[in-house]
Each structure stands twice: as C-alpha cells, then as structure tokens.
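Structural description and commentary
Listed below, chain by chain, are the residues.
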Amino acid sequence: MTLHTLNRRTLLKTGAAGIGAAMLPFGLPRLAAAQEALTIGVVYVGAKDDFGWNQAHAVAMEILKATPNVTVVEEENVPETDACAKSMESMINIDGAKLILGTSFGYYTPFMLDLAAKYPDVAFRHAAPLWKDSDPANAGSYFCYLNQAHYVDGVAAGLSSASGKIGFVAAKPIPSVLSNINSVLLGARSVRPDATVQVIFTGDWSMPVREAEAANALVDAGCDVLTCHVDGPKVVIETAEARGVKSCGHNASQAPLAPKGFITGAEYKWETIYTMYADMLAKGEALPNVVVGGYHNDMVRNTAYGAGATPEAIAAADAAIAGLKEGKPIYVGPLKDNAGNVVIDKTYDNYDPYLDGMNYLLEGVIGSIT
Amino acid sequence: MMPEAALQTVLIAMLGGAIRVSTPYLFVALGETITEKSGRINLGLEGNLVLGAMVAYALSFHTGLPWLGVAGAFAAGLVLGLLHGTICSLPKVNDIAVGIALMSFGIGIAFFFGKPYIQPQAPRLEGLALGEWSSNPALRQALQINPLFFLGLVIAVALWWALANTRPGLILRMTGDSEPSARAMGVNPVRVRILATVLGGGLAGIGGSFLSLSYPGSWNEGLSSGQGLMAVALVIFARWNPLRCVWAALLFGAAGALGPALQSVGISQGYYFFNAAPYILTLFIMVASARSGVAAHAAPGELSIVK
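Per chain, residues are indexed from 1 in the order of the written sequence. The order in which chains are written sets their letters, starting at A; the order in which ligands are written sets their numbers, starting at 1. In keeping with the predicted nature of the model, local features appear solely for residues at pLDDT of at least 70, side-chain atom pairs appear and are counted solely at 80 or more, and the whole-chain, interface and lining totals rest on all residues. The basis for every side-chain value is the complete set of non-hydrogen atoms in the structure, without hydrogens or water.

Quick word on the pattern of salt bridges
The term salt bridge refers to a side-chain nitrogen of Lys or Arg lying within 4 Å of a carboxyl oxygen of Asp or Glu. Considering all chains together, one arrives at 19 salt bridges over all chains under this definition. Residue Arg183(B) pairs with Glu179(B) through a salt bridge whose shortest N-O separation is 3.0 Å. In this pair, Arg183(B) and Glu179(B) both sit in helix 8 (residues 179–184), four residues apart, roughly one turn of the helix. Connected through salt bridges with shared partners, the residues Lys48(A), Glu62(A), Lys65(A) and Glu74(A) form a single ionic network. The helix count covers DSSP runs of H or I at least four residues long, the strand count covers runs of E at least two residues long, and both are numbered beginning at the N terminus.

So this is what it looks like as structure tokens:
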C-alpha cells in the first residue's frame, strides 16, 4: 500500500512549524528548557501493533518512554522511500530529535546515509547490520541475531513435528531472513537429521493474502509445522492453527493466536539496546557505531512454550538455549547450499561478519532465492 | 515430486486460490459495474473495501456475530457511497478526483478507528465444507468455500438478469448511456446515479468484510494490497457485464495463487515474476481491451473517461 503516503504527521508538523516560526520571539525560553531533555525519533514501516517486527520495536519504545527526560516521537506506516527521509528530517527539525532510529531495512541506503551527512550532530541508528567504516561516523547499526532464537525454534519444531517437514513463509531473500531459514534447518537437523525446511517467498514484508496462500500451499505440500519471517506473522500463525498444524512464532509473541499448535517463537529484546543508547546519550557519551547481540547478552529470547511443544522438544530447546548463551556455534562447517556448493567452509562464530553476507539456502532447504 | 502430482497440486491451489482470493474482487467489481452503468466512476472503492473490513472485524469482535459484521460493512460502504454520490452531484465536480479523495478518507478513518482491533481476534465467517467427498486434503481445503462467495455469484446473476430484463435495469442503463434520453423519459439522472453509487459502495464494503472475516481473516493496516483498485480495472475488462465480472475475478484469484503454489512444488525460480502475475495480467487486459472496438461500444456513454 504505497498510495496513502500523504501522512498525517508530515502535514501536522508542517503546519505546526509555520505557527511555531510565527511565535518565535515569544517561545524561545521554553525551547531552551526543552532541549535538556533527550528526544528520540523512531520510524516504523508498518503498524506498531502488528504482532510482529514493528510491535517488537514499539514494545521496547514503551519501556524507553518510562525513562525520565526521554521523549519518544514515533511514526508508523512509513514506506521505504523518500517519505522516510522526510519523516526523519521533521523529527530532527521540529521535534529536536538527537537520535533517529530507522527500523526498516530499506531506510538505510540512501536515505539515512544522506541525512547523517546533512545533520552531523544527530545520531542515526539503523536496525540491520549494514554500517561500514566508510559510512558517516554519526550513523550506525544495531542488530539482534534473531537466528539464534530461530535455531531454538528449529530444535523444538524438529522434535514436535511428525513428518519432519517444516514450512517457512519468508518475505524477501535478504541475509537476515536467509539466516533465520538456515538456522531453523540446522536446529531441526541437530535433533532430526532427515528434517527439511520448505520456504515460500512472498516478495514483500506485509502481504496478508499472499501469506495465507503461502501457508496453505505449505500445508498442502505436507509441512506440519509452519513458521515465518514477515512483518506481521498473525496471518501465518492463524492459518496454521486453522489447518490443524503446529507453528513457531517470529518477532513478538504470537502464543495467544494458536492455543492448540503453538510450539515456541523467536523474539527480539530491543529494549536492551534502546535503554543503553538513552543512558549513553544522557551521560554525553558517543554511541558505538555497531551494536550486535544475541542470547549471550540478553538481546533475543524464545516465547514461552505452547501446547504444540512435546516434552522432548522443550528439554532439547532449553539445552540449545543454554548452549547459545555459552557461545556454541550454529554454523558448524563445512556446509553445502541446496545446489551442492560448499558455502560455509569452516565453523563460524555466531557473530562472525562472514555470516552477515549470507546469500544461499543450505542443503535441506527446499526453495530458491531468485 | 512427480510432475503429474506437482501439476495437480498447482491446479488445486489455483482452484482454491481462485475461490478464496476472488471474492473481494467480485464484490468490488459488481459494485463498480452498478455505479459505472449509471454513468459515473467511483475510483474510491478501495476505501470502501478497507473501511468495510475494519467495521466488519470490529462488529464481529464486539458482538460475536460475524454476519452482523458483514451487515455493518455493507452499511459503512453505503455511507461512503452516499458521500461520493452526493458530492459528485454538485455542479462541476470531477468524479475521479472525488473518488481518489474518498479512497484516502475511507482508508484513513479505517486506520484511525481500527487501531484497537489489530490485536484482538474476532469470530470469523465459517466456510462451507463442500469437499468432504474427496480424500485429498488439499482439495478438501480448496473446497472450503465461504458463503459470501455464493452470495457474490447470486448477486452477479441477479444483476445480469435485472440489467437486461427489468425496468430499474433499463433506467440505470439509459441514465448511463444518455442523460438527455433519461430526462426525456422523466427520470432524474442525479437520483439514479446517487442510488447506483450508494449500492455499489455497499457491495464493496461487503468485499472488505470477506478480507477481515474470512480470508486471510484478520484486520491489519496492510490487509488490502490494492484489491479495490484492481477490481475497478476488472470492470473494464469485464465490459460492464456482471457475469464476466465473475470470470475476471476468478482469473485474478487464480493468478494470485500461482506464485505461492509454484514455490510449494519446487518451482521456486522467478517467484517475483509469478507473484506479479495478476498485475501483468491487468496490463495485458487493459491493452487488449483498449484496442477492441467492442469494449468501446460496451462502455456507458456518459462515463467521464469515454466522453
């Protein structure tokens, strides 16, 4: 839905700016006082209560709002176009935001990079591992390695499935999505060597009708556990429950949507990063350019086990979580992709930058990225 | 997988997809047919669709009665249609511009009032299990058909018959083809057009209730990926014929199911292309129908785009 890009916020703020400018001589003392507080602007690509990616961020922002002296300005449904640059710019110029959080993959290049060059006093942080040394110093990336929680999903799914066939509804073949798919496979194969993951790409982050079609097609192909990586997993989880198969969640907790078949789910803990940023800015410290984390530093978690998880699955998943907290690697090489080429030559640490460039599906995954 | 089995899977998925995905297209297209037959275009039915989806979900959630939700969606569509019909009856108002404005309006109020309903789960419309005779679970699923689909078919046939055989049908066609003739007959074209727009808007609202209460069966802001707009294009393809609207909607539904179905049988290369199938189809249809003299002949003469 790119048609309704004329957004309420831009319109209101533009009007407010005009009024503000007219009242400038009278308003100055209050503005000066307001600058002591820290304003953080956050831009979401979808609705912030979508049961998914945006909700995971919004839940963390709610925790941040409770922090003294922190003001949060938010905007939802901002497409990955010039519109996101306009939103961010208005947050800087009108709300006085000192930290801009862009939470959708396509915001970074070129929009946030251009703005970072234009506003050197504002910190820009983007939720994907994209920052490079050549990028502006006031820009940066933060990322939680959700694939670790998906690995745990895979372990639990492998032992909760009768057929060993896991279905995966994915949005776009970008590295973090591919890593989640591959991690589900490796988790499942760690407990059940014949497990497979069948993937269907919908092509975009929020396509409810096509996600339902994909979920139905996977069940028809014999999968008896479904999981997904789309912005709002509600449709996939509800379709799985309606078709009588089990499901694993993604991004936020979907346990209430599938009382019969929910196994567990991969969830972010963005609040760990966001409260750290706010603390550092309050103390006047420079933010690190790259913040990454996973199970070892409390940045991801798994949803509490649902009725679909068997006792063996729960025991194995708990053991997998304990292993990840100690840094046990997921990608134990050598591993081949599903065309037979060796793509992972050796065992990599869970945070190794080599894995951020993932552009393959491992052997055992049925599907193609093009 | 055996090629025959794979082909069967894809065909069943397309059959199921045609039935599941086509219903919103069908209702919007039928609504637009009524409106355009009166000589007016309502491009804003996407707004009716989204608002109908929201209202249906909210009512079903609060009352536990999904059919009341469908009725509410119909009513919400009627109100938006009345707004469009009335505004366009003022002098020198362009119906296309009003349609686009009302589309934004409908979507905007749906998002505004829909916020509290994204999270909760509302009772859904249950489908009729018509595939119990089959041992193939995929076929059984494909034949899990929602009553709204049959309602759409009934409306299409009734509309087709009424347009050709009844006095109101004649008045509607005449108003759309030639305003002076209508006036000469003592018909008030403004009243006919307002009524046609109101009814068309209401049908589009029902299409929205199918999205939120049946398939995919939940309310969120990305629910409609432009189905309301595509359906307006379908009407031109269907040459303002309600029966052709049915075929066109089924074709679009099947095309939409093609992408996921091919990936499920292992034909996963080129899924972007297959996912674009309904849109490519629209383009070809528009080009083909624009070149055909028959289409130009079938267009109501009073439509602002053909005048």
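Some words on the interface of chain B and chain A
Contacts were defined at the residue level, with two residues in contact if any of their heavy atoms lie within 4.5 Å. Taken together, the contacts link 45 residues of chain B with 40 residues of chain A. By convention, the term buried area covers the 1.4 Å-probe accessible surface removed from two parts as they join, with the contributions of both added. Approximately 3500 Å² of surface area, both sides summed, lies buried where chain B meets chain A, with 52% of it carried by carbon and sulfur atoms. Ranking the residues of chain B by area buried against chain A places Gln119(B), Gln121(B) and Tyr271(B) at the top, with a combined share of 16%. The partner of Lys115(B) in a salt bridge is Glu76(A), and the shortest N-O contact between them spans 2.7 Å. Under this definition, polar contacts are N or O atom pairs within 3.5 Å; protein pairs additionally need one hydrogen-donor-capable and one acceptor-capable atom, and for neighbouring residues in sequence, both atoms have to be side-chain atoms. At the junction of chain B and chain A, the tally comes to 21 residue pairs in polar contact (both at pLDDT 80 or more). Those elements that place two or more of their residues in the side of chain B that touches chain A are helix 1 (3–37), helix 2 (45–63), helix 4 (95–114), helix 5 (137–142), helix 10 (227–237), helix 11 (242–264) and helix 12 (271–275) of chain B. Ten residues, namely Ala, Val, Leu, Ile, Met, Phe, Trp, Tyr, Cys and Pro, are considered nonpolar, four, namely Asp, Glu, Lys and Arg, are considered charged, and the remaining ones, Gly among them, are considered polar. Among the residues forming the side of chain B that touches chain A, the class breakdown is 22 nonpolar, 18 polar and five charged.

Remarks on the environment of Asp318(A)
Relative to the assigned elements, Asp318(A) resides in helix 11 (residues 311–325). C-alpha separation for the pair Asp318(A) and Asp133(A), spaced 185 residues apart in sequence, amounts to 38 Å.

Points about the pairing of strand 4 (residues 123–126) of chain A
All names here are of chain A. Burial along strand 4 is two-sided: the face carrying Ala-123 and Arg-125 and the face carrying Phe-124 and His-126 are both buried. When DSSP finds at least two bridges between two strands, those strands are taken to pair. Where strand 3 (residues 99–102) lies against strand 4, four bridges are found, and the strand directions are parallel. Across the sheet, Leu-99 pairs through a bridge with Ala-123, a residue of strand 4. With respect to chirality, the unit in which strand 3 leads through helix 5 (residues 108–118) into the neighbouring parallel strand 4 is right-handed. Both strand 4 and strand 5 (residues 139–144) contribute to a ladder of three bridges, which runs parallel. Residue exposure (1.4 Å probe, protein chains only): buried if accessible area is under 20% of the type maximum, exposed if over 50%, otherwise partly exposed. With its strands directed away from the observer, a crossover is right-handed exactly when the path from the first strand over the helix to the second travels clockwise.

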